[in-house]
Protein chains: 4
Amino acid sequence: MNKTKVRMGMVGGAQGAFIGAIHRIAARLDGLIELVAGSFSADPARSQATATMLGIDPSRCYDSYQQMFIEEAKLPAEQRIDFVAIVTPNHLHFPIAKLAIESGFHVLSDKPATLNLQEALLLEQIVQASDCLYGLTHTYTGYPMIKEARHRIAQGELGTIRKVVVEYSQGWLSRNEDEQAKQAKWRLDPQQAGISCCIADIGVHAANLAEYVSNLEITALCADLNQIVPGRALDDDGTVLLRFNTGCKGVLMASQVALGEENNLNLRIYGDKASIEWSQMEPNSLWLKSHNAPTTLLRAGVALKSQAAQNALRAPAGHPEGYLEAFANIYVNFAKQIEAKKAGSLAANADFDVPGIKEAIRGMAFIENAVEASSKDTKWQPFQIG
Amino acid sequence: MNKTKVRMGMVGGAQGAFIGAIHRIAARLDGLIELVAGSFSADPARSQATATMLGIDPSRCYDSYQQMFIEEAKLPAEQRIDFVAIVTPNHLHFPIAKLAIESGFHVLSDKPATLNLQEALLLEQIVQASDCLYGLTHTYTGYPMIKEARHRIAQGELGTIRKVVVEYSQGWLSRNEDEQAKQAKWRLDPQQAGISCCIADIGVHAANLAEYVSNLEITALCADLNQIVPGRALDDDGTVLLRFNTGCKGVLMASQVALGEENNLNLRIYGDKASIEWSQMEPNSLWLKSHNAPTTLLRAGVALKSQAAQNALRAPAGHPEGYLEAFANIYVNFAKQIEAKKAGSLAANADFDVPGIKEAIRGMAFIENAVEASSKDTKWQPFQIG
Amino acid sequence: MNKTKVRMGMVGGAQGAFIGAIHRIAARLDGLIELVAGSFSADPARSQATATMLGIDPSRCYDSYQQMFIEEAKLPAEQRIDFVAIVTPNHLHFPIAKLAIESGFHVLSDKPATLNLQEALLLEQIVQASDCLYGLTHTYTGYPMIKEARHRIAQGELGTIRKVVVEYSQGWLSRNEDEQAKQAKWRLDPQQAGISCCIADIGVHAANLAEYVSNLEITALCADLNQIVPGRALDDDGTVLLRFNTGCKGVLMASQVALGEENNLNLRIYGDKASIEWSQMEPNSLWLKSHNAPTTLLRAGVALKSQAAQNALRAPAGHPEGYLEAFANIYVNFAKQIEAKKAGSLAANADFDVPGIKEAIRGMAFIENAVEASSKDTKWQPFQIG
Amino acid sequence: MNKTKVRMGMVGGAQGAFIGAIHRIAARLDGLIELVAGSFSADPARSQATATMLGIDPSRCYDSYQQMFIEEAKLPAEQRIDFVAIVTPNHLHFPIAKLAIESGFHVLSDKPATLNLQEALLLEQIVQASDCLYGLTHTYTGYPMIKEARHRIAQGELGTIRKVVVEYSQGWLSRNEDEQAKQAKWRLDPQQAGISCCIADIGVHAANLAEYVSNLEITALCADLNQIVPGRALDDDGTVLLRFNTGCKGVLMASQVALGEENNLNLRIYGDKASIEWSQMEPNSLWLKSHNAPTTLLRAGVALKSQAAQNALRAPAGHPEGYLEAFANIYVNFAKQIEAKKAGSLAANADFDVPGIKEAIRGMAFIENAVEASSKDTKWQPFQIG
């Protein structure tokens, strides 16, 4: 165990779990974090096998997360875990986060934060009553050019924002025959996924990205969620018209049945002075457009104005960084916040931001508002929290 | 005058008029059509100057379109104009088309066909009662790769169509200070433009393109039209959610205040077997996407399946053709229809299609339905004609 | 016949000839030129059929170009042709151009100007001894963004030019089985094509484009021409290293066996202040790159600095123009030069430039120098004219 | 220390060293390797500070690499380092690799392997006389789509390869004023960099990539190396014409003064059946072109045929992986080879390939051959090793 590192315990993510492996890469990439404990599976043998694979001390592989929090809390401060990474199925996110915080551990949770808005609001109270940090892996906010866009908009480079168009289209749920795949099955099952599939899984990322970059908040919506592939209980596609707190208009499109699309998350923000365009499929480019003037192609590593964007890069211009680096940026920023807290810094540096409890609540609220709005005959519905 | 050519008379399009010049290029490009007569302006001197510039016999430059139709009708069949190209301000499209057809001349009209749906329905009666052809320059249907997409969809290559996403975004009306420009002024004036600016000017192109390529018909809509730049009387932006006759879902976005966009018309159609993607800014490419399979890039001139697409090309692959060629394809197809009619062919070849009175009616109906739907609190409204 | 137009006679280009049809589209597109006479084929019946198809007065369809020049010269000045467009097989370009000029007609010739450098030098003498204009259809110089690049370089925007990389790659001659196609056959036959296939057909376009945009002249070269597909007598591929008159370095690549390439002509010019990049496959974009600064995307119709580029455009930004428009720009500029000459203007406007006799000579010299250099063991060879 | 992991010692790479940090990210990313020892700097204090930063046991931070090899060799097999990562200045690569191997440690060396060909040949003897693995970080071979291209070519999908075009253009050495930057200074100093700057630094990557993907070997070359920015002692630009062992033609372009280029490494390979195109700036796409057929876009994670390519990916299609992941692929494959060796496997799996001593020799030979060929008046020179 490396005392200079921020120590992580993981709940979930046994061998073969997709997102757990991604989280571990992200945690590992910059060398600031060490995975020292875990409760990787409800099956103790499977959990132990994972610990072995990962080279974790068997004594710190626990049969349950409850046990982990109790035992770790007993360890000396310089040994015990600093934070818990939650990568379980969704319905466990809330109870684990709750207990972790109540046990004094910071939490970095996979998305969604909770199963529903009510849980998210409870979680907020728990976080606020504690001295713990809470982070949520809205991965796409970790991209350098997203941070650059956000910075330039905050600096007024786009003027007044008039319209936000955000889209997240995938095609992987296009066919009935793929529904039994592990990743598909739980997402399409209301018991495990809750009230929504597409909006909850990816639409919420789009909403988060739109708010993050624009620094606006959704205040009303008109939703059209669809079950396109026959026989499904939940939405696999949806469009949501938006209004933001400044009166700005918006369009959010999400689909998991846009056959042939890989992971087409893209964002355009139109202002009265300039506009930006970004696509996750080529994340190191950010287009800046002006009126009757040539278009500017901003590239990762070249003349960036945002410190947060520069922090988020590791290699010189022209050496593409991608999704795992964006994910790692969430982790490294969270680790830096923990270090700052340990060092007694008044506040973590804004250039190392991490999505948190506010984003957790707005995300769950977005899902619930969209589902409700979609069910109504009335066009517009206010965006309500609680 | 060249007896082998189809003879055209033009109404409107005096020196300096933008769209008239474009129409003349389109008419001229393939050498099948000769402009032999015109009434280019309400100002006879200006009309005559245009005729001189164009090398038209002064005796066939008329002071009014009424006069033109009377005098041309007196000429021998092998001399008089075959068809009338209408490129006047919008409010004159209907009366000119009406009189032209009643005078026995085919009509190729600039878009929109009429000022409103009522006129379009009247025009339909006039066309049907006559032996004349009526064409409408929905230019974007003239692109070869659009015809290829339409053909492949008609052949079932995409399977059942699930979702249509069409967008037409421009930025040229982004600023108040540009509103006095000639092209801006009339479009923003309800007296000249009617009930809509953005939807009537470009949204209708997007709707037409979606229906043309998909071979589906819009049956219901939910509209959100906006006046974004302060002080305007008409919409300069809008999103319309769509339902098609098969239950297919759709999203149509249009904007004239998407600052920095040139003429971003793009179309995606998602099926349950394959999907297509096309963008007017790079019109010679058509993307064909499949499930868990590599993407195919279809290019103008390379292994096309559609005869109509092949007809629409002039140069070998890699020699880009563009907007003027697409426009010319409307003209050349219309000329071929006229020739077929002269030759007594039962019907013009489907591979030389031209948007016609049906598209005129659906276009005007789309505008009226969208404006009405936008004004309502109810989410969905049936698409109604008349 | 339209007296306001510039009158063209054509030699070659009978029905079914590819390049003749392209020239006619180019001549026709802007309405400044009228095709009034022709000798389209050595076969009088075929020539006459072409004239009929084109609507040309049968009395002005001639059995031979010699006859055409004699008879046209007898017509009144306001009726006879102003210039001759030469679209015959290559070996006839020189004798026709020679006789046309000696008969007092301007000449616009398809490329290559002549069969060899010697003829080109003779042609120069003939042109200089006459009062006639001579133009050569190096089509790619007609693209607006090429003119914009040339202008910005002339204005010093790139600083000192250090390196020019130009490429023209096609794949259509990749297979033996395609060699009998009409376009392939003569190009691969030394009797008809002369000493080179690939370099003479497309390499010379690349060399012309490099010199045109950079305003530099090739002074030495190192050539590696190849016969890649077995059994060919002439080069179907080649790379030529270049030195320009300022010491600037260059690389020119050409291939007709780059399987899968359509018409990949692209140009990069690197300066010590900025660099440009352009590709014919997407001709309305010009990339301007700087040091440690964002890249600029210049687009046709948006904030161009060059008057010649603006002249070369017909439609607003976002309405793509392509190869035929570039070709038409050569024609329209040549027509404007003729009009200027008729009007007694001292000189045609530099903003309506057309490649001429100098480019004819440099092109033929490039071919001969490249073939000779390729045959030698010595690396570098001076670029010699005559 | 994690006994399940492959244990790494590092020579060089003290705090602030660019490439050392990149190597550590690459080693860390997949969790198979643990950095347990190091001699990070000739300055012991700086080395120790680096060890502290990295959380390495102080007892395993050594004052010199000689000491490290002696002390580590004394440790029990299950504790001592398995391999040495060499990230020092170039002139030390050879002596460190030599001593490491002679001390029984596997070596993974930063590129170039040695200062010159002579050293590389000596190193080969040392490697062959040992039981040690030797790996070289030609990073770009680690990209999944490069492996896919290599696989498809090996399977004959391109037919006979006719032409290879490879380019590596950068702009960062475009200006004299940047020459004092750390990364620039040593590269332009013959004492530290040897006989070449541009060809040795990046040209050699291009040559390696061309041979790796095509499975061909360069047998002759014609080189044109240039010192473009005034006052430099070494080449900052160069073009090399190539012949491969099958007679295949090639063109290699490299530049560090291509102002505005970031890291433009791209590769095209033209066969007689199909062709491929790849660019490092968008590494998750591989274009496959055919004759008179649509182009295919192969994407990372979608229907790949190569097991090696699939091994090289971590996230689903549409989640871009980049340069660091490619680098990590070199590391992870090297670690797997070490594990296989420990396990007594007859040979490491070909699907976990790593550039090795053969590539080391061919790389150094390429540099020396190119520099020599450039200095000669004769066009072609055989590619000679030793």
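On a predicted model such as this, the values are computed, not experimentally measured, just so you know.

J.: Whenever I open this one, the nonpolar core confuses me. Can you help?
T.: One recurring pattern in soluble globular proteins: nonpolar side chains tend to sit buried together. Counting 232 residues, the largest nonpolar core has Tyr-134 of chain B together with Tyr-134 of chain C as its most contacted members. One finds Ala-14 and Tyr-140 of chain A together with Leu-29 and Leu-324 of chain D within the second-largest nonpolar core, a separate group that totals 230 residues.

J.: What's the story with the relation of the copies chain B and chain A in this structure? I'm lost.
T.: The transform that puts chain B on chain A rotates by 180 degrees and translates by 0.0 Å along the axis, for an RMSD of 0.0 Å. Considering both components of the superposition, the chain copies are consistent with a two-fold axis. Considering only C-alpha atoms, the part of chain B nearest the rotation axis is Lys-379 of chain B, at 2.0 Å. Residue by residue, 100% of the interface of chain B is reproduced at the interface of chain A, so both copies engage with the same surface.

J.: Just to check I follow, could you spell out the interface of chain A and chain C for this structure?
T.: Quoted interface sizes are often the accessible area lost when the parts come together. Taken together, the ten residues of chain A in the interface contact ten residues of chain C. Of the roughly 760 Å² buried where chain A meets chain C, counting both sides, 73% is carbon and sulfur surface. Contact with chain C buries area across many residues of chain A, yet Pro-294, Thr-295 and Leu-297 of chain A alone supply 47% of it, more than any other trio. Linking chain A to chain C there are zero salt bridges. Linking chain A with chain C are two residue pairs in polar contact (both at pLDDT 80 or more), by the criterion used here. It is strand β13 (residues 295-299) of chain A that contributes the most residues to the side of chain A that touches chain C, four residues altogether. The residue makeup of the side of chain A that touches chain C, split by class, is seven nonpolar, three polar and no charged. Examined bridge by bridge, β13 of chain A and strand β13 (residues 295-299) of chain C share three bridges and lie antiparallel to one another. The residue of β13 of chain C that forms the bridge with Thr-295 of chain A is Leu-297 of chain C.

J.: When you look at the UniProt feature "domain: GFO/IDH/MocA-like oxidoreductase" (unreviewed entry) in chain A in this model, what are you seeing that I'm missing?
T.: Cross-referencing UniProt, the feature "domain: GFO/IDH/MocA-like oxidoreductase" (unreviewed entry) maps to residues 147-277 of chain A in the present numbering. Along residues 147-277 of chain A, the helical share is 27% and the strand share 34%, with 13 Å between the first and last C-alpha atoms.

J.: How should I be thinking about the sheet that holds strand β4 (residues 106-109) of chain B in this particular structure?
T.: In a beta sheet, neighbouring strands pair by backbone hydrogen bonds and run either parallel or antiparallel. Residues and elements named next belong to chain B. Taken together, five strands build an open sheet; the order of strands is β2-β1-β3-β4-β5 and the sheet is parallel. Across the chains shown, the open sheet's two edge strands, defined by having one partner strand only, are β2 (33-39) and β5 (134-136). Sheet twist, expressed as the average angle between the axes of neighbouring strands with direction ignored, equals 25 degrees. Both strand β1 (residues 6-11) and strand β3 (residues 83-86) contribute to a ladder of four bridges, which runs parallel. Residue Gly-9 lies in a different strand from β3, and its bridge partner there is Val-84. In this fold helix α1 (residues 18-28) packs onto β1 and β2, with an angle of close to 180 degrees to the strand it touches most, β1. On the sheet, helix α11 (residues 323-342) packs against β1, β2, β3, β4 and β5 and is oriented at approximately 170 degrees with respect to β4.

J.: Got a minute to help me understand the pattern of salt bridges in this structure?
T.: The final tally for this structure, using the stated rule, is 115 salt bridges over all chains. A salt bridge links Lys-358 of chain A to Glu-217 of chain A, with the nearest nitrogen and oxygen atoms 3.1 Å apart. Of the two residues, Lys-358 of chain A is situated in helix α12 (residues 357-374) and Glu-217 of chain A in the loop between α9 (198-214) and β7 (218-226); the sequence distance between them amounts to 141 residues. When its relative accessible area of 28% is taken as the criterion, Glu-217 of chain A is described as partly exposed. With a closest N to O distance of 3.9 Å, Asp-201 of chain C and Lys-111 of chain C form a salt bridge. Here Asp-201 of chain C, found in helix α9 (residues 198-214), pairs with Lys-111 of chain C, found in the loop between β4 (106-109) and α5 (117-129); they are 90 residues apart in sequence, far enough to count as distant. It is possible to trace a salt-bridge network through shared partners that takes in Glu-167 and Glu-261 of chain A together with Arg-268, Glu-277 and Lys-289 of chain B.

J.: Would you take a moment to explain the side chain of Arg-152 of chain A for this structure?
T.: Residue position: Arg-152 of chain A is located in helix α6 (residues 144-154). Leave out the neighbours within four places in its chain, and Arg-152 of chain A touches Glu-157, Leu-158, Leu-288, Leu-298, Ala-303 and Lys-305 of chain A.

Rules behind the numbers
- Residue numbers run consecutively from 1 along every chain, following the written order of its sequence.
- Whichever chain is written first is A, and whichever ligand is written first is 1; the rest continue in order.
- Where totals are concerned, whole chains, interfaces and linings use all residues; where local detail is concerned, this predicted model gives features only for residues with pLDDT of at least 70, and gives and counts side-chain atom pairs only at 80 or more.
- Only hydrogens and water are removed before side-chain values are computed, so all heavy atoms of the structure are retained for them.
- Side-chain atoms within 4.5 Å are what join buried Ala, Val, Leu, Ile, Met, Phe, Trp, Tyr and Cys residues into a set we call a nonpolar core.
- A 1.4 Å probe rolled over the protein chains alone gives each residue an accessible area, and that area as a share of the maximum for its type sets the label: buried under 20%, exposed over 50%, partly exposed in between.
- Overlaid copies result from least-squares superposition on C-alpha atoms, with residues included only where pLDDT is at least 70 in both.
- The contact rule is simple, with two residues in contact once any of their heavy atoms fall within 4.5 Å.
- Accessible surface is computed with a 1.4 Å probe, and the buried area is the amount of it that two parts give up when combined, taken over both parts together.
- When a carboxyl oxygen of Asp or Glu is within 4 Å of a side-chain nitrogen of Lys or Arg, the pair counts as a salt bridge.
- As used in this structure description, the phrase polar contact means that two N or O atoms lie within 3.5 Å; if the pair is within protein, one of them must be able to donate a hydrogen and the other to accept it, and residues adjacent in sequence are counted only when both atoms belong to side chains.
- Helix numbering and strand numbering both begin at the N terminus, where a helix is a DSSP run of H or I of at least 4 residues and a strand a DSSP run of E of at least 2.
- Classes in brief: Ala, Val, Leu, Ile, Met, Phe, Trp, Tyr, Cys and Pro nonpolar; Asp, Glu, Lys and Arg charged; the others, Gly included, polar.
- Strands were regarded as paired on the criterion that DSSP finds at least two bridges between them.
- UniProt positions are given in the numbering used here, feature names are shortened, and annotations may be inferred rather than shown by experiment.
- An axis is simply a line fitted to the C-alpha atoms; with a helix, the fit covers only the stretch in contact. Between two such axes, the angle follows the N-to-C directions and lies from 0 to 180 degrees.

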